[in-house]
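Okay, here's what each chain looks like letter by letter:
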Amino acid sequence: MNRIACLFLIILFTSCDYFEKQKVNSEDLLEEELQTFNWNDVDTYPTFSSCDSITAKEESRACFQNTLLSHVNQYLADQNIVVSDDVNDTIRLKLVIDNKGLLEVDSMVIKPETQFQIPEIDSLLRQSLTNIPKIYPAIKRGQQVTTAFELPVIVKIE
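Residues numbered from 1 in each chain as written. Predicted model: local features only at pLDDT ≥ 70, side-chain atom pairs only at ≥ 80, totals over all residues. Heavy atoms only, no water.

Within the largest apolar cluster, 27 residues are counted, with the highest numbers of intra-cluster contacts made by Leu68, Leu93, Leu95, Ile118, Leu125 and Val153. Elements that contribute at least two residues to this core include exactly α3 (57-78), β2 (87-97), β3 (103-109), α5 (121-128) and β7 (147-157). Setting aside chain neighbours within four positions, we find Leu93 in contact with Ser107, Met108, Leu125, Leu129, Phe149, Glu150, Leu151 and Val153. (Core = buried A, V, L, I, M, F, W, Y, C linked by side-chain atoms within 4.5 Å. Buried < 20%, exposed > 50% of the residue type's maximum accessible area, 1.4 Å probe, protein only. Helix = DSSP H or I, 4+ residues; strand = E, 2+ residues; numbered from the N terminus. Contact = heavy atoms within 4.5 Å.)

Take a negative patch on the surface next. A cluster of like negative charges, contributed by Glu27, Asp28, Glu31 and Glu32, occupies part of the molecular surface. Mapping Glu27 onto the fold places it in helix α2 (residues 26-36). (Patch = residues over 30% accessible without salt bridge, like charges linked within 9 Å, V, L, I, M, F, W, Y side chains within 5 Å. Areas by Shrake-Rupley, 256 points an atom, 1.4 Å probe, with all protein chains shown as cover. Salt bridge = Lys/Arg side-chain N within 4 Å of Asp/Glu carboxyl O. Lys, Arg positive; Asp, Glu negative; His and termini not counted. Charge placed at Lys NZ, Arg CZ, Asp CG, Glu CD.)

With that settled, consider α3. The terminal C-alpha atoms of α3, which comprises 22 residues, lie 32 Å apart, in line with the 32 Å expected from a rise of 1.5 Å per residue. Within the span of α3, buried status applies to Ser60, Cys63, Phe64, Leu68, Val72 and Leu76. In the core, the buried residues of α3 are packed alongside β1 (47-48), β2, β3, α5, β4 (135-136) and β7. (Expected span 1.5 Å × (residues − 1).)

Moving on, we get to unusual backbone geometry. Peptide bonds are mostly trans, and most non-glycine residues show a negative phi. Residue Arg141 is not a glycine yet carries a positive backbone phi of 50°. Within the secondary structure, Arg141 sits in the loop between β5 (138-140) and β6 (143-145).

Take the packing of aromatic side chains next. If you walk through the whole model with that rule in mind, you get two aromatic pairs. An angle of 20° between the planes, with centres 4.9 Å apart, marks the rings of Phe48 and Phe64 as stacked. Placement of Phe48 in strand β1 and of Phe64 in helix α3 is noted, with a sequence separation of 16 residues between them. Phe64 matches Phe48 in its accessibility class, with the two residues each being buried. Look at Phe64 and Phe149: their rings are 5.5 Å apart centre to centre, the planes differ by 75°, and that puts the pair in the edge-to-face class. With Phe64 in helix α3 and Phe149 in strand β7, this pair connects stretches of sequence that are 85 residues apart. With respect to class, Phe64 is no different from Phe149; both count as buried. Across the ring face of Tyr45, the terminal group of Arg61 is positioned such that the distance to the ring centre comes to 5.9 Å. (Phe/Tyr/Trp six-rings, centres within 6.5 Å; stacked < 30°, edge-to-face > 60°. Lys NZ or Arg CZ within 6 Å of the ring centre and 35° of its normal.)

What follows is about the sheet that holds β3. What the three strands build is an open sheet, ordered β3-β2-β7; its pairing is antiparallel. Each edge of the sheet is formed by a strand with only one pairing partner; in this case those strands are β3 and β7. The average angle at which neighbouring strand axes cross in this sheet is 30°, direction not considered. Across six bridges, the pairing between β2 and β3 is antiparallel. Bridge assignment links Leu93 to a residue of β3, and that residue is Met108. Its contacts with the sheet put α3 on β2, β3 and β7, and the angle it makes with β7 is roughly 40°. The strands touched by α5 within the sheet are β2, β3 and β7, with β3 carrying the most contacts at an inclination of about 155°. (Pairing = 2+ DSSP bridges. Axes fitted to C-alpha atoms, helices over the stretch in contact; angles between N-to-C directions.)

Everything listed here is a matter of coordinates, which is why it stays silent on function.
Structure below.
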């Protein structure tokens, strides 16, 4: 009987650790959450009011890029660009849309031949982006976030 009482007391004293609550450090929780967080993806892409009715994520992105591209192409088509040789280039605009919906040109990749034929192409492309409709910023986990993307602009003048 003495052995059973000793065994019972040993089990009782060692099992108290199972009832003790462990404190969770909020910084550890945040660090763990940040490790699982995909920083390169957003819940919804930036959009124009004309693309609001589209709910599919990829279709919304395509609508946004097509609207932006058509606006740039229309502006360039309205300009009277004269060249001595044919120009066929894909200019890569790297754009940043901040969390307030403001668009900024980060950089442009233009072939030297195109730059030589159309020296003002840089300013024309920047000017084409000044009168675009209001942009609604991308959303990540319910927050408006800054996004960056690349827009290919095809310039073909014969």
